[in-house]
Amino acid sequence: MRFLFKLSIFLIPFLIGTKSTCQNIKNIKYASAIFKAHRIIDSLQQTQNIPGIDIALSIDGDIVWSEGFGYADIEHQVPVSSGETLFRIGSVSKPLTSTALGKLIESGKLSLDSTIQTYVPYFPNKKYPVTVRQIAGHIAGIRHYRNSEYTSAKKYSTVKSGLDIFKNDSLLFKPGRRYSYSSYGFNLLSAAVEGASGVSFLDFMKHEIFSKLNMHATYADKNEDIIRNRASFYQIDASNTIKNATYVDNSYKWAGGGFISTTHDLIKFGNAMIEKEFLSGEIIKEFTKSQKLSIGKKTGYGIGWGIIKRKKLKGFGHDGGSVGGITKFEIFPKEKLVIIALSNSSNVNYGKTIERIVDIFVKARK
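1. Quick look at the overall build of the protein chain
Move 1: Helix and strand counts for the protein chain come out as twelve helices and twelve strands.
Move 2: Taking 21 Å as the expected radius of gyration for a compact globule of 366 residues, we find that the protein chain reaches 21 Å, a close match to that expectation.
Move 3: For the protein chain, the spread of C-alpha atoms along the three principal axes comes to 70 × 45 × 35 Å.
Move 4: Counting over 366 residues, the protein chain shows a buried share of 57%.
Move 5: Within the protein chain, contacts between residues at least 6 apart in sequence are counted, and of these 69% link residues at least 24 apart.
Move 6: Of the roughly 16,500 Å² of accessible surface on the protein chain, a fraction of 50% belongs to carbon and sulfur atoms.
Move 7: Of note, the protein chain has its 50 positive side-chain charges centred 8 Å away from the centre of its 31 negative side-chain charges.

Structure (C-alpha cells):
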C-alpha cells in the first residue's frame, strides 16, 4: 500500500500533463504499467526521431491507456490527439477486408473455397485455379509490389481498374506450395466483395463494417477529400532529418493497405473480434488459425490475420507499413487485451517495444 501511495503521488504531475492518459485510467492497478509504457514509447520516439505516435491499449473491453506523442503536423505544430488523430494503417487494412469476407460468408454470398472467378469473372484464368482462401492466406502465388509500385501516385477510379497493374501476370507458383505475401491479392479480394455483394467495396466497408462497429473515424485515404484530424505524413532521410513523405495515391490498394483510422476505432474493431458478436465465433476461429501449405507446413497466417505465439500468449494481429505510417496491432483473446500503435513516419521500427508493453500490462492485470 505504501508503494501505491508513493507511486500515485509521483504520477500526479505526469497524469495531469497527459490529458488522454488521465481520462482513461480505469483502475489504479494499471498506473505503474502506464508509467512504464509511457517511458518506453517516449524513448522510442526520441531515439528514432518519430514525428508522432498514438498508442492505445484496452483490457476487458475498457481502454486503460491512451496517449499521443509528438506531432500530427509538424509545420502547424498540431500535436497528436490520442484516439482522434487519423493515421495511415497500411496492411492493417487487410483484417478489415477479411471481416467483409466473413460477413459475406455468414450471409451465404461467398465461399472461401470457390475460385476467384466465381465473384470476379473479369479476372483472367491462370495456369492453376485459385481460391478465395488461398488469396486471403498469401498462398495463391499472386505477386506483391514491384519496382516503384509501392509509391504510385496514379489515381484509380475503381477497384477493377486497379487490378490492371497485375492481372495479366503469371502466378509465382502453384497455389498452396509456398507462402508469399501479396497486397495485390487483397485488392483482388475487394473485387470479390463487390461481386458477391453487388455494391462497391468502399460502400460495403462503410455501411456493413465501419458504421456497424461505430468506427466513424475510419476512411479510405483519399487525397482529394478533406478529412478532419488526418495526420501529415513524414519520412526520415539519410541524415536523420524529418522530411515530408513521398506523395502517393492509395486508390489502387484500399483493401490491401489504403485505409486511415484512429487508435480508438481499431480498439473497437479488436474488441469486436474478442467478443465474437459482430462475426460468429466459428468464422473468427477459422480466420485466426494458420493455413497450411500442400506439404502440411503451417504458414503462421490465417484469413487476413497473422498468428501470434509468444511465451505464454496466443493471439492474432497484423503489422502495417505505408508511406508515412507504420502500425502495430495485436489482439489476445484470453487476456481480453487489444493494443494498437500508429505513427506518421515511414521509418519506424517497433522492435520488441509492443511485446514489452503487452507483457507489462498482462502482469498488471493478474
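2. Overview of the sheet that holds strand β8 (residues 259-261)
Move 1: In spatial order, the strands read β4-β8-β5; together these three strands make up an open sheet with antiparallel pairing. The sheet is open, and its two borders are formed by β4 (87-88) and β5 (219-220), each paired with just one other strand.
Move 2: Where β4 lies against β8, two bridges are found, and the strand directions are antiparallel. Within β8, the position partnered with R88 by the bridge is I260.

3. Some thoughts on the side chain of K94
Move 1: Of note, K94 is situated in helix α4 (residues 93-106).
Move 2: Salt bridges are absent for the buried K94, whose nearest opposite-charge side chain, D319, sits at 11 Å.
Move 3: Excluding its chain neighbours within four sequence positions, the residues that come into contact with K94 are H138, Y181, S182, S183, F186, A255, G256, Y301, G304 and H318.

4. Regarding helix α3 (residues 31-48)
Move 1: Its 18 residues place the ends of α3 26 Å apart at the C-alpha level, agreeing with the 26 Å of an ideal helix rising 1.5 Å per residue.
Move 2: Those residues of α3 lying buried are A31, S32, A33, I34, F35, A37, H38, I40, I41, L44 and Q45.
Move 3: Positive phi appears at N49, one or two residues downstream of α3, with a value of about 55 degrees.

5. Quick look at the packing of aromatic side chains
Move 1: Counted according to the given criterion, the structure contains 16 aromatic pairs.
Move 2: A ring pair is formed by Y156 and Y252, whose centres lie 6.4 Å apart and whose planes are at 50 degrees; its orientation type is tilted. Separated by 96 residues along the polypeptide, Y156 in the loop between α5 (132-136) and α6 (159-162) and Y252 in the loop between β7 (242-244) and α9 (254-257) bring together distant segments of the chain.
Move 3: By relative accessible area, which is 12% here, Y156 ends up buried.
Move 4: Put simply, the rings of F123, Y145, Y150, Y156, F166, Y184 and Y252 touch in pairs and so form one group of aromatic residues.
Move 5: A cation over an aromatic ring shows up here: R88 above the ring of F233, its NZ or CZ 3.8 Å from the ring centre.
Move 6: Directly above the aromatic system of Y122 lies the positively charged group of K160, at a separation of 4.6 Å from the ring centroid.

6. Re the pattern of salt bridges
Move 1: Using the criterion set out here, one finds 18 salt bridges in the structure.
Move 2: Between D359 and K311 there is a salt bridge whose closest N-O contact spans 3.2 Å. Here K311 lies in the loop between β9 (306-310) and β10 (313-322) and D359 lies in helix α12 (residues 353-365), a separation of 48 residues in the sequence.
Move 3: A relative accessible area of 17% means that D359 is categorised as buried.
Move 4: Salt bridges sharing common partners tie together D113, R133, E286 and K289.

Rules of the game
- Residues numbered from 1 in each chain as written.
- Predicted model: local features only at pLDDT ≥ 70, side-chain atom pairs only at ≥ 80, totals over all residues.
- Heavy atoms only, no water.
- Helix = DSSP H or I, 4+ residues; strand = E, 2+ residues; numbered from the N terminus.
- Rg over C-alpha atoms; globule rule 2.2 N^0.38 Å.
- Buried < 20%, exposed > 50% of the residue type's maximum accessible area, 1.4 Å probe, protein only.
- Contact = heavy atoms within 4.5 Å.
- Areas by Shrake-Rupley, 256 points an atom, 1.4 Å probe, with all protein chains shown as cover.
- Lys, Arg positive; Asp, Glu negative; His and termini not counted.
- Charge placed at Lys NZ, Arg CZ, Asp CG, Glu CD.
- Pairing = 2+ DSSP bridges.
- Salt bridge = Lys/Arg side-chain N within 4 Å of Asp/Glu carboxyl O.
- Expected span 1.5 Å × (residues − 1).
- Phe/Tyr/Trp six-rings, centres within 6.5 Å; stacked < 30°, edge-to-face > 60°.
- Lys NZ or Arg CZ within 6 Å of the ring centre and 35° of its normal.

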